[in-house]
Amino acid sequence: MRGVVSVLIAGGLGCAVWAGLANHARFAQAEPGAVKPIPAYAPAVVAAPVESDQERRARLNARLQTMIKDGKGVRLTDAPPAVQRRRAEPRRPAPATRAATPSTRAEPTASFTPPPVNPNARPSVRRAGYTPPYLDLKTPPRVPDNDLECLTQAIYYEARNESEAGQAAVAEVVLNRSRHRAYPKRVCEVVYQRNSRTCQFTFTCDGSIGRRAVNPVAWARAERIAREVYEGRSAQLPKNSVNYHANYVRPSWGSRLARVRQIGAHIFYGAPLNGGTNPGAYEREREPARSGLLFVRNEALDRAYTLMTAQAAPSEPSAPAGS
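Rules of the game
- Residues numbered from 1 in each chain as written.
- Predicted model: local features only at pLDDT ≥ 70, side-chain atom pairs only at ≥ 80, totals over all residues.
- Heavy atoms only, no water.
- Axes fitted to C-alpha atoms, helices over the stretch in contact; angles between N-to-C directions.
- Helix = DSSP H or I, 4+ residues; strand = E, 2+ residues; numbered from the N terminus.
- Parallel < 35°, antiparallel > 145°, perpendicular 65-115°, else oblique.
- Left-handed = near helix turned anticlockwise from the far one by under 90°.
- Contact = heavy atoms within 4.5 Å.
- Nonpolar A, V, L, I, M, F, W, Y, C, P; charged D, E, K, R; others polar.
- 1 Å grid on protein atoms, 1.4 Å probe; cavity = no way out; pocket = protein on both sides within 12 Å on 5 of 7 lines; lining within 4 Å.
- Points joined across faces, edges and corners; volume = space filled by probe spheres on them.
- Core = buried A, V, L, I, M, F, W, Y, C linked by side-chain atoms within 4.5 Å.
- Buried < 20%, exposed > 50% of the residue type's maximum accessible area, 1.4 Å probe, protein only.
- Pairing = 2+ DSSP bridges.

A. Spotlight on the packing of helix 4 (residues 147–159) against helix 7 (residues 216–230). Axis separation between helix 4 and helix 7 bottoms out at 8 Å; the angle between their running directions is 120 degrees. Between helix 4 and helix 7, the crossing angle belongs to the class labelled oblique. As for the relative orientation of helix 4 and helix 7, their crossing is right-handed in sense. Across the interface between the two elements, Asp147, Leu148, Leu151, Thr152, Gln153, Ile155 and Tyr156 of helix 4 pack against Ala218, Trp219, Ala222, Glu223, Ile225, Ala226, Arg227 and Tyr230 of helix 7. Class assignment of the residues belonging to the contact of helix 4 with helix 7 gives a composition of 10 nonpolar, 2 polar and 3 charged.

B. Highlighting the layout of surface pockets. In this structure, the second largest pocket occupies an estimated 510 Å³ of space. Around the second largest pocket, the lining is made up of 23 residues, and of these Asn118, Thr139, Thr204, Gly207 and Ile209 lie nearest the centre. The residue makeup of the lining of the second largest pocket, split by class, is 10 nonpolar, 8 polar and 5 charged.

C. Representation of the nonpolar core. Formed by 34 residues in total, the largest nonpolar core has its most connected members in Tyr156, Val174, Val187, Val191 and Phe268. For this core, the elements supplying multiple residues, two or more each, are helix 4, helix 5 (164–178), helix 6 (187–191) and helix 7. Tallying contributions element by element places helix 4 first for this core, with 8 residues. Ignoring anything within four residues of it in the chain, the contact list for Val191 reads Cys150, Ala154, Val174, Phe201, Phe203 and Thr204.

D. Just the sheet that holds strand 2 (residues 257–263), in detail. Taken together, the 3 strands give an open sheet; going across it, the order is 1-3-2, and neighbouring strands pair in antiparallel fashion. The open sheet is flanked by strand 1 (243–246) and strand 2, the only strands paired with a single partner. Strand-to-strand twist in this sheet, taken as the mean axis angle between neighbours without regard to direction, amounts to 25 degrees. In the sheet, strand 1 pairs with strand 3 (residues 266–272) via 4 bridges, with the strands oriented antiparallel. What sits directly across from Asn243, in strand 3, is Tyr269.

E. Spatial organisation of the packing of helix 4 against helix 5. Taken N-terminus to C-terminus, the directions of helix 4 and helix 5 make an angle of 130 degrees; their axes are 9 Å apart at the nearest point. Put simply, helix 4 runs oblique to helix 5. Of the two elements, helix 4 crosses helix 5, and the hand of that crossing is right-handed. Across from Leu151, Ala154, Ile155, Glu158 and Ala159 in helix 4, the residues of helix 5 making contact are Gly166, Gln167, Val170, Ala171 and Val174. The residue inventory of the contact of helix 4 with helix 5, partitioned by class, reads 7 nonpolar, 2 polar and 1 charged.

Below, the structure written as structure tokens:
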């Protein structure tokens, strides 16, 4: 009897335990967020192997070596790949540069012999900036007898590096002066006009003539342009344009004249402003006798001479009206 009771009690406890577990399972399924039991057949989680720094560097190095072998990369120490650049075409000069370049066509043989080289010629002074040239105003110049030769000299020594238009403009200024009442009549006298202080065309007194051998092609070109201008086949400037200067100098008389135009490195001027006078001009009625030097009128000296003459002359009684 005692044994039967024990079995019954053990069976009851087992049933109670089983019922409790069943109720707990139903409660866990019904309750949201409850942790489900892990089934016995679930695969085990295997942890990934940890890669060391040395192994990672070896793997990256192997990958880079493969890329280099396949041509997908280069070493840092290798030279950069050569880039095939398109051959650059030569730059063409601008239209202004082409116009300022003297003509290269064949020139006829010159009729006038270029000035010979003078071994005693004073060398040119080259310094930073603009340096006024040394002027020899004591030695009488050798003035040619032919006006075309003087005009050729003016073109060659004043504008041989300019375009043909610039050379012709210089020749026009010389001819305009020879036709102006305030300058000498002959072309050679205009070109070699000077006084005790300066010369109108610097090349005639600064030693440019004979300093070095003359370029025969440039000399022949200057003569051809001189003939064209002398025969009236060039007209770029007005008849009253009798002055010009290079663009790297600033003469005091530049503001007193009407500016006409600039051709190359030379700026050309026209009539004086406000009734003034042209620089280097003189009146032919007061022209002194020619003795190797062609004098330029100096208005300040003329006024001083007139004042001195008036003070030195004895006073005379005025004549009666009607006498």
